[in-house]
Amino acid sequence: MKFTSTIDHPPQFDPLQPCSPISYPIKTLEELETRSYFESFHCPFNKSSVPLKPTSLPNRPRLLVCHDMKGGYVDDKWVQGGTNADAYAIRHWYLIDVFVYFSHKLVTLPPPCWTNTAHRHGVKVLGTFITEWDEGRLICNKLLATKESAQMCAERLAELAIDLGFDGWLINMEVGLLEEQIPILKEFVSHLTHTMHSSMPESLVIWYDSVITTGNLSWQDQLNEKNKPFFDICDGIFVNYTWKSNYPDLSAAVAGDRKFDVYMGIDVYGRNTFGGGQWNTNVALDVLKKANVSAAIFAPGWLYETKQPPDFQTAQNCWWELVAKSWGRVNNYPKLLPFYSNFDQGQGYHISVEGNQLTDAPWNNMSCQGFQPRLEFIDGPTPDAIQFIVDFKEESYNGGGNITFKGTLEDNVPFTIRLFQGELLLDNVPLVVTYSVKSKGGSLLGLSLQFSSLLSERISVLVAPSEMNGLSHKFSKVIMPSQVGKMASKWIVHEGTVAMDGLMLTEIHAVCYRTRSTPRELISEVRADNQDSALAPSLAEYSAVLGHITIKNSSENLFFPPSTAWLTESQYIKYSLISQGFKTASLKILWKLKDGNNFLFPKYNIYVEKLAKQVDGNAAGRLEDTRVYLGAAHVQAFYISDLSIPSHIGRLKFIIQACAADGTCQELDDSPYMLLDVEGQ
């Protein structure tokens, strides 16, 4: 595997002391054995908040993607988010079955932002246990000293995965061992697999092709009799990436009916990897697809680290499209209700809530990444009539992302783009479809829902705010939604009801169209002889932004517990005097329901109001424009670091706004809050 340096914590880092929560690895066997991580200030913040339904991996070739980006724990280590709008992230989850977070430290714990967004897209997440070099050999001598020591370490690893909410481990023993240590090593792998399966059904333990049954460190580049004993006691093998063209077939033969548990490695950096990796990664994928085994892509961060032109966003989309064409998509959504996407990529230059922009500062937090669309042209006058992109610079409706559509269209000539491919079987409860749009002039945008029956009958339903003259025949049914909201920022929220009992929702399309252009909007058509043509079709500029989509059952009743139902508290309060009459506060706030219900909302927006000191006996009041957005929490705790407090402020009010799975946020006046007196501190 690739060797890169990790960004280490500064020497003064003390995991017991409060500071902005971070993710970090466990570096020593002693830390693992003593369970010291669970005593860390940071541990409660590192729990995944998005559960993954226990499901077996599909019985087909699978795609595993192994993260390796600058050694790990870079922008993604900031649990509550960072300030790099260009931070590395993966968005093409519809192509991935398993994701491994990797570093060269002993125990690599996936930052919760990766687990949250992967789980949201139905992808399993593994941490990494690795031993390498001389230090790794010393660790193995302790780990494999006795059967009991091996079992204890396996149990510690299982405990970490279960407590933090990820799905298992990649085991990479890249050191030479004594042959007499191999039985205990096998006990370690077997006990870890058994313990994980017992505590977390459908979890995974995958062995990396490294040490063999003689104890030698000898990468086989295939599954054979030298490494199969390890494969037999866990859930799969990640085969080293320097294999030859016939090795996939040989490995499949050895694996028998477990051939899909063989993940043949591909190094995107291309170091002796079959096909050369990089922009030829698909060459290896084609061979593996033909051999009917699984693939393990290592270090897709190559695109980011080597600054592939013209920019990372474009390069990443092009590279993953090569993967898609070779391997095919493996995940479809929506699969469950409610389905909500604000197209947030987990980074950007602003954050909005229901059409109101809260901040214009650059940020990154992959836990906020929504379901990512795969934008594909379906129908229209020409594929380039409308340019469409997932955009995190244009003002958003919710979060920091949206889809923008810009170009030219004739009246009543629609342009259609596929957004999602789903597998959602419907019952007899109607669907409520809600979406937000911001547009210019006569530009209109609707949603087309594609359904199929058990008899493969295809039905299309258009939800659109205005009749498309003469085009209704293109759809099985047209629904005119009601307008449920219009913001000062010109966002319009449409809502319609669709009843399709017993059908499966298979696709969601965006339909761009115009109904009637004014003379000012028309773009003159010019003939070859430079004379205006009265017969030429009249084009008009088209510009619309899709802010979000929500699909849910009409029977769902959303309930936000009132502020009186919550208990809030503060911990680790620390004040620092900056200058005369000016100070800062750092503290941790926590909240939970009084009735003991441990229900967790997917996200909480955190705000602060700075209240003026009492003057002449009058109660303190909120100052104008002093409600400030602080960030988003995905657990029921948030740490505020160095909050500035001017001298005229006597009290701080922290507001915790719950956000539901359908994207709806609690009214701020009804949200739980915590008061902190700062006068005299």
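Structural notes, computed from the coordinates. Note that this is a predicted model, so its numbers are computed, not measured. (Residues numbered from 1 in each chain as written. Predicted model: local features only at pLDDT ≥ 70, side-chain atom pairs only at ≥ 80, totals over all residues. Heavy atoms only, no water.)

### Let's talk about helix α7 (residues 247–255)
Looking at α7, one finds that the buried residues are Y247, P248, S251, A252 and A255. Across the axial projection of α7, the buried residues extend over an arc of 135°, all falling on one side. Where the residues of α7 are buried, they touch α6 (228–231), β8 (262–267) and α8 (281–291). Positioned one or two residues after α7, G256 has a phi angle of 65°, which is positive. (Buried < 20%, exposed > 50% of the residue type's maximum accessible area, 1.4 Å probe, protein only. Helix = DSSP H or I, 4+ residues; strand = E, 2+ residues; numbered from the N terminus. Arc of directions from axis to C-beta. Contact = heavy atoms within 4.5 Å.)

### As for empty space enclosed by the protein
If a probe as big as a water molecule is rolled over the atoms, it shows which places are left empty. Summed over all chains, the structure comprises three cavities of 30 Å³ or more. The volume enclosed by the largest cavity comes to roughly 170 Å³. Lining the largest cavity are 19 residues; nearest its centre among them are D75, D76, A87, Y88 and W114. Its volume calculated, the second largest cavity comes out at about 100 Å³. In terms of lining, the second largest cavity is formed by 14 residues, of which the most central are F45, V79, A633, H634 and V635. Looking at the lining of the second largest cavity, the elements with two or more residues in it are α2 (112–120) and β31 (628–633). Split by residue class, the lining of the second largest cavity holds seven nonpolar, six polar and one charged. (1 Å grid on protein atoms, 1.4 Å probe; cavity = no way out; pocket = protein on both sides within 12 Å on 5 of 7 lines; lining within 4 Å. Points joined across faces, edges and corners; volume = space filled by probe spheres on them. Nonpolar A, V, L, I, M, F, W, Y, C, P; charged D, E, K, R; others polar.)

### Quick word on the sheet that holds strand β22 (residues 477–479)
The strands making up a sheet are joined through hydrogen bonds of the backbone, oriented either antiparallel or parallel. With respect to topology, six strands assemble into an open sheet ordered β15-β18-β25-β20-β21-β22, the strand pairing being mixed. Looking at which strands have only one partner, the edges of the open sheet turn out to be β15 (376–379) and β22. If you compare each strand with its neighbour and ignore which way they point, the axes differ by 35° on average. Bridging between β15 and strand β18 (residues 415–425) involves three bridges; their strand directions are antiparallel. Residue pairing in the sheet places F377 in a bridge with I417 of β18. (Pairing = 2+ DSSP bridges. Axes fitted to C-alpha atoms, helices over the stretch in contact; angles between N-to-C directions.)

### Notes on the packing of aromatic side chains
By the definition in use, this model includes 38 aromatic pairs. Taking the centre distance of 6.0 Å and the plane angle of 55° together, the rings of F388 and F415 count as tilted. In this pair, F388 sits in strand β16 (residues 386–391) while F415 sits in strand β18, placing the two residues 27 residues apart along the sequence. Like F415, F388 is buried. Ring geometry for W591 and Y604: centres 5.3 Å apart, planes at 65°, overall edge-to-face. Of this pair, W591 sits in strand β29 (residues 582–593) while Y604 is found in strand β30 (residues 603–612), placing the two residues 13 residues apart along the sequence. Pair check on accessibility: W591 and Y604 agree, each one buried. Clustering of aromatic rings is evident, with ring pairs tying together Y73, Y88, W93, F99, Y101, W114, Y304 and F312. Geometry around Y575 places K583 over its ring, the cationic atom sitting 5.8 Å from the centre. K653 extends its terminal NZ or CZ atom over the ring of Y673, reaching a point 4.5 Å from the ring centre. (Phe/Tyr/Trp six-rings, centres within 6.5 Å; stacked < 30°, edge-to-face > 60°. Lys NZ or Arg CZ within 6 Å of the ring centre and 35° of its normal.)

### Points about the layout of surface pockets
By volume, the second largest pocket is sized at about 540 Å³. Lining the second largest pocket are 19 residues, and of these H92, N317, P373, L375 and V390 lie nearest its centre. Within the residue set of the lining of the second largest pocket, elements represented by two or more residues are α10 (312–327) and β16. Broken down by class, the residue content of the lining of the second largest pocket amounts to seven nonpolar, six polar and six charged.

### Details of the pattern of salt bridges
Within this structure, the stated rule accounts for 19 salt bridges. With its nearest N and O atoms 2.5 Å apart, the salt bridge here joins K47 to D163. With K47 in the loop between α1 (29–34) and β1 (63–66) and D163 in helix α4 (residues 147–164), the pair connects residues that are 116 residues apart, well separated along the chain. Judged by its relative accessible area of 30%, D163 is partly exposed. A salt bridge links D677 to R651, with the nearest nitrogen and oxygen atoms 2.8 Å apart. Highlighted residues: D677 in strand β34 (residues 673–677) and R651 in strand β33 (residues 649–659), separated in sequence by 26 residues. The partly exposed category is assigned to R651, whose relative accessible area is 30%. (Salt bridge = Lys/Arg side-chain N within 4 Å of Asp/Glu carboxyl O.)

Note that all results are geometric; they support no functional claim without further evidence.
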